[in-house]
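Structural description and commentary
This is what each chain is made of:
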Amino acid sequence: MDIKRRALVDRLASSNAAMSVLVVLLGFLVGTILVLAVGRDPANMYRAIIQVVSGFDLARGTWNARYIGEWLVASVPLILCGLSMAFAARAGLFNIGAEGQYIVGLTVAQFASFYLPSVPVFHWAAAVVLGMLAAAGWGGVVGFLKAKYAVSEVVATIMMNYIALYVSRYATQLIPGTNTYKTPSFPATARLSNSWLESVTNGSRLNTGLFLALAAVLLFWFVMEKTRTGFALRATGFNKDAARCSGINVQRSLTLSMAISGAFAGLAGCIVALGSFGYGRVLAGLDGYGFNGIAVALVGNSTAIGTLLAGLLFGMLQSAQPLMQSRQIPKEVTYIISGLVVVFISLRSGIGLLLEARSKEQAKSAARKGELRDE
Amino acid sequence: MNSMLGLVPSILMMASPILICALGGMISERSGVVNIALEGLMGFGAFAAATANVLLEASLPGWSVWISLAMAAAVGALVSLVHAFASISLNADQVVSGTGINLLANGVTVFLCQIIFHHERTNSFRQGMVAGPGGIYPTAYIALLLLVAVWYVLYRKPVGLRLRACGENPQAAASAGIDVRRMRYRAVFVSGALGGLAGGCLVLTQTIEYKENMINGAGFIALAAVSFGRWIPKGVAGAACLFGAAVAFSIYVVNIPSLRVLPPEFFSVLPYVITLVTLVLFSGKDYAPRAAGQPYEKGAS
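Everything in this summary refers to the structure shown in the same document. As the structure is a prediction and not an experimental result, all values here were calculated from the model.

**With respect to the overall build of chain B**
- The secondary structure content of chain B amounts to 11 helices and zero strands.
- When the helices and strands of chain B are placed in sequence order, the string is α-α-α-α-α-α-α-α-α-α-α.
- Once the C-alpha set of chain B is aligned to its principal axes, its extents read approximately 60 × 45 × 30 Å.
- For chain B, with 301 residues in total, the buried portion stands at 57%.
- The contacts of chain B with a sequence gap of at least 6 include a subset with a gap of at least 24, amounting to 78%.
- By element, 66% of the accessible surface of chain B is carried by carbon and sulfur atoms, the whole surface being about 12,200 Å².
- Counting 18 positive and 12 negative side-chain charges, chain B places the averaged centre of each group 13 Å from the other.

Structure, rendered in structure tokens:
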């Protein structure tokens, strides 16, 4: 019985997906305790979450599909920034720069929507492609610096985030008619709005970006698992030296993985700019999707499907914030939950370590017992 | 020229928290633990200092800022223990656990603001730190004092030598009888205290309340100052002053006619560009502590 239970514990500990679920549950548990500790009703927190996911308002007994739409709107950039982080992570890089790559995509898309010809479909498609390319370049530079000059990608991407922010502020203010915080409205052909999705979700901001994000998830899976490039990237991530010895161009792998990683984050920026807002923004600070993308990828174990699910989870937390606030639950509890999840994940390797040490000790004591019996 | 001289107090005001925080980062990295959580630790410290000052300034006028600074350091040190436990005891990825603390910082501090003050920031305090002669805040002297102290301990005391050994070659250090894990715990603890103190200095000199995203990258600038300063006190001090000057310029550029041709973003972006360029230029020679970022495992060679 005891052995059976231990085997189960070990199997759960070695399964990434199970650990992710456990870590998320732990995060929610601590969040709930926290809400209780400050004398609020945690049921309100879960009511807000249920309303976001299903559209049902349990307190009033009404249903509104717009909540579901807004949940997906919040999830799309998180999924994409998660894919960005995950793609780099699979090649052994820590991309803190999704934030900056997101800003570059957003800024270029804003420019493209004002300066490209107003042709239906072509307009937004070209804006998205340009935004992704620029963001790929922004990320690729860091990969190149890492590969060629061994510059730490962590420090480099943090620097690039702030460079992107200030360059974006400066550049966006050059667009004619821009005041200190917004540009004039985008031409209609540049918008990603989708009347069908809007009507299905009762007038939410849900837009074509949803399909682009789903396509990105598929593309991530395909490139990573089914192509030679993906294999080279993963091999580089597992062991750089072994990859080099087996003829993989490690420099190319690092640069390419950061570039593709940047393209995912850039797509998130394009979708937020052209989908959620009808005008360009002069950014006052970082939007935070990039940093939350790190949490998304960590929970999703850097796989395509995991990142999709984790993105939906974090999107749920984010879009539940205003509902929580209106029910006297401080909305920051959602940030605390996501922060805790990341901290718990960093402890995960340690938990594995402890289990290993324990089983080693038990093996040792079992062996000792065996010796005694032999004597 | 006069206006340039007039900028010195504000440059010092901007540079002091960066320097204090960077000293913390330097100590941690020299012991072998990358502390990317500096940004979050500054946030915790700033929140603690602002809260303590708001609550105490009526009953303890004059003393409350100093108590607030002590609170900031204590809270920073306490939170850094989470990072220490994850990265030292459990061999976790140091960047991941640091990122976790950064994510937590905004959440926890603003959550507590909502509980204590019932809105998304602390109440404003009436009196922050009072500037001394020449408009220079005491934080500048604190920073200077800490700089000398850190240099003295790291380079003139046996414990400093041991700490640096843990960051360069922990196995060799362990074979010389140094408890690597304990040393790293101490280093991260001190860096947390300094990070928290830096946040306290920032909030008590530059604003009148704590609110979300108030640190706005100062901790990351400090992290950059550590790399730019090549992990030595002299260099880190120079880098912090340079970055402080860049921040001050970006705010005061509108008042200086000769600089007004440049957009304020130019000065804001300068520290980051300089750091990136120097990282590339000096990439050939490796100044970083060799074992920084690597967990130490007993018995591994």
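Additional details are given in the paragraphs that follow.
**Some thoughts on the overall build of chain A**
- On a plain count of helices and strands, chain A comes out with 16 helices and four strands.
- Its C-alpha atoms give chain A a radius of gyration of 23 Å, within 12% of the compact-globule value 21 Å for 375 residues.
- If you line up chain A on its principal axes, its C-alpha atoms span 90 × 60 × 30 Å.
- The proportion of buried residues among the 375 residues of chain A is 54%.
- Here the contacts in chain A between residues at least 6 apart in sequence split such that 76% fall between residues at least 24 apart.
- When the accessible surface of chain A is totalled, it reaches about 16,500 Å², and 64% of it is carbon and sulfur.

**Section: helix H12 (residues 250-276) of chain A**
Residues and elements named next belong to chain A.
- In a regular helix each residue adds 1.5 Å, so 27 residues correspond to 39 Å; H12 covers 38 Å between its end C-alpha atoms and thus fits that length.
- In terms of residue burial, H12 counts as a mostly covered element, since 22 of its 27 residues are buried.
- N-cap assignment for H12: the residue whose side-chain oxygen lies 3.3 Å from the backbone N of Gln251 is Asn249.

**Concerning the packing of helix H5 (residues 138-156) of chain B against helix H8 (residues 180-206) of chain B**
Residues and elements named next belong to chain B.
- As a packed pair, H5 and H8 sit with axes 11 Å apart at the nearest point and diverge in direction by 160°. If you check the angle between H5 and H8, you find them roughly antiparallel. When you trace H5 past H8, the crossing you get is left-handed. Packed against H5, whose contacting residues are Thr139, Ile142 and Leu146, the element H8 presents Leu194, Leu197, Cys201 and Thr205 at the interface.
- Grouping the amino acids of the contact of H5 with H8 by side-chain chemistry returns five nonpolar, two polar and no charged.

**With respect to the packing of helix H4 (residues 66-90) of chain A against H12(A)**
Residues and elements named next belong to chain A.
- Interhelical geometry of H4 versus H12 gives an angle of 170° and a closest axis separation of 7 Å. Overall, the two elements H4 and H12 adopt an arrangement that is roughly antiparallel. Contact residues: H4 offers Val73, Val76, Pro77, Leu80, Cys81, Leu83, Ser84, Met85, Phe87 and Ala88, while H12 offers Ser257, Met258, Ile260, Ser261, Gly262, Phe264, Ala265, Leu267, Ala268, Ile271, Val272 and Ser276.
- Broken down by class, the residue content of the contact of H4 with H12 amounts to 17 nonpolar, five polar and no charged.

**Let's talk about the side chain of Ser80(B)**
All names here are of chain B.
- Among the structural elements, Ser80 can be located in helix H3 (residues 64-89).
- On the basis of relative accessible area, Ser80 is assigned to the buried category, the value being 1%.
- Look past the residues within four positions of Ser80 in its chain and what remains in contact with it is Leu41, Val188, Phe189 and Gly192.

**A word on the pattern of salt bridges**
Residue and element names in this part refer to chain A.
- Taken as a whole and judged by the stated rule, the model has 13 salt bridges over all chains.
- For the salt bridge of Arg205 with Glu70, the shortest nitrogen-to-oxygen distance reads 2.9 Å. Separated by 135 residues along the polypeptide, Arg205 in the loop between helix H8 (195-200) and helix H9 (209-226) and Glu70 in helix H4 bring together distant segments of the chain.
- Among the salt bridges present, the one from Lys331 reaches Glu332, with a minimum N-O distance of 3.3 Å. No difference in accessibility class separates Lys331 from Glu332, as the two residues are buried.
- Each of the salt bridges in this network shares a partner with another, and the network as a whole consists of Asp57, Arg60 and Arg327.

**Focus: the interface of chain B and chain A**
- Across the boundary between the two partners, chain B contributes 41 residues, which contact 43 residues of chain A.
- Between chain B and chain A the total buried area reaches about 3,700 Å² when both faces are included, carbon and sulfur atoms providing 78% of it.
- When the buried surface of chain B facing chain A is broken down by residue, Leu103(B), Phe111(B) and Glu265(B) rank first, second and third, together holding 18% of it.
- Run the count over chain B and chain A and you get two salt bridges.
- The salt bridge partner of Lys331(A) is Glu120(B), with a shortest N-O separation of 2.9 Å.
- Contributions of two or more residues to the side of chain B that touches chain A are made by H3, helix H4 (94-117), helix H9 (218-228) and helix H11 (264-281) of chain B.
- Per element, the largest residue contribution to the side of chain B that touches chain A is 15 residues, and it comes from H4(B).
- Residues that form the side of chain B that touches chain A fall into these classes: 25 nonpolar, 13 polar and three charged.

**Brief notes about the packing of aromatic side chains**
- If you walk through the whole model with that rule in mind, you get 18 aromatic pairs over all chains.
- Each ring, one from Tyr162(A) and one from Tyr272(B), has its centre 4.8 Å from the other, and the planes form 10°; the classification is stacked. Residue Tyr162(A) is found in helix H7 (residues 153-172), and its partner Tyr272(B) is found in helix H11; the two belong to separate chains. Tyr272(B) shares its class with Tyr162(A); the two are buried.
- Ring centres 6.3 Å apart and planes at 20° place the aromatic pair Tyr166(A) and Tyr272(B) in the stacked group. With Tyr166(A) in helix H7 and Tyr272(B) in helix H11, this pair bridges two chains.
- Every member of this aromatic cluster is reached through a ring pair, and the members are Tyr162(A), Tyr166(A), Phe291(A), Phe220(B) and Tyr272(B).

**Overview of H4(A)**
Residues and elements named next belong to chain A.
- In this model H4 runs 36 Å from its N-terminal to its C-terminal C-alpha over 25 residues, within 8% of the 36 Å that 1.5 Å per residue would give.
- At Ser75, H4 is deflected by roughly 25°, the largest bend along its length, and proline Pro77 occurs up to four residues later in sequence.
- In terms of burial, H4 is largely enclosed, as 20 of its 25 residues are buried.
- Downstream of H4 by one or two residues, Gly92 has phi in the positive range, about 85°.

**Looking at the environment of Met183(B)**
Residues and elements named next belong to chain B.
- Locating Met183 in the fold gives a position in helix H8.
- Using a relative accessible area of 6% as the deciding quantity, one classes Met183 as buried.
- Taking the C-alpha atoms as reference, Met183 lies 14 Å from Lys157; in sequence the two are 26 residues apart.
- Those residues in contact with Met183 that lie beyond four places of it in its chain are Val159, Arg162, Leu163, Cys166 and Ile178.

So, how was this worked out
- Residues numbered from 1 in each chain as written.
- Chains lettered and ligands numbered in written order.
- Predicted model: local features only at pLDDT ≥ 70, side-chain atom pairs only at ≥ 80, totals over all residues.
- Heavy atoms only, no water.
- Helix = DSSP H or I, 4+ residues; strand = E, 2+ residues; numbered from the N terminus.
- Buried < 20%, exposed > 50% of the residue type's maximum accessible area, 1.4 Å probe, protein only.
- Contact = heavy atoms within 4.5 Å.
- Areas by Shrake-Rupley, 256 points an atom, 1.4 Å probe, with all protein chains shown as cover.
- Lys, Arg positive; Asp, Glu negative; His and termini not counted.
- Charge placed at Lys NZ, Arg CZ, Asp CG, Glu CD.
- Rg over C-alpha atoms; globule rule 2.2 N^0.38 Å.
- Expected span 1.5 Å × (residues − 1).
- Polar contact = N/O pair within 3.5 Å; in protein donor to acceptor, adjacent residues only side chain to side chain.
- Axes fitted to C-alpha atoms, helices over the stretch in contact; angles between N-to-C directions.
- Parallel < 35°, antiparallel > 145°, perpendicular 65-115°, else oblique.
- Left-handed = near helix turned anticlockwise from the far one by under 90°.
- Nonpolar A, V, L, I, M, F, W, Y, C, P; charged D, E, K, R; others polar.
- Salt bridge = Lys/Arg side-chain N within 4 Å of Asp/Glu carboxyl O.
- Buried area = accessible area lost by both parts, 1.4 Å probe.
- Phe/Tyr/Trp six-rings, centres within 6.5 Å; stacked < 30°, edge-to-face > 60°.
- Bend = angle between axes of the 7 residues up to and from the residue.

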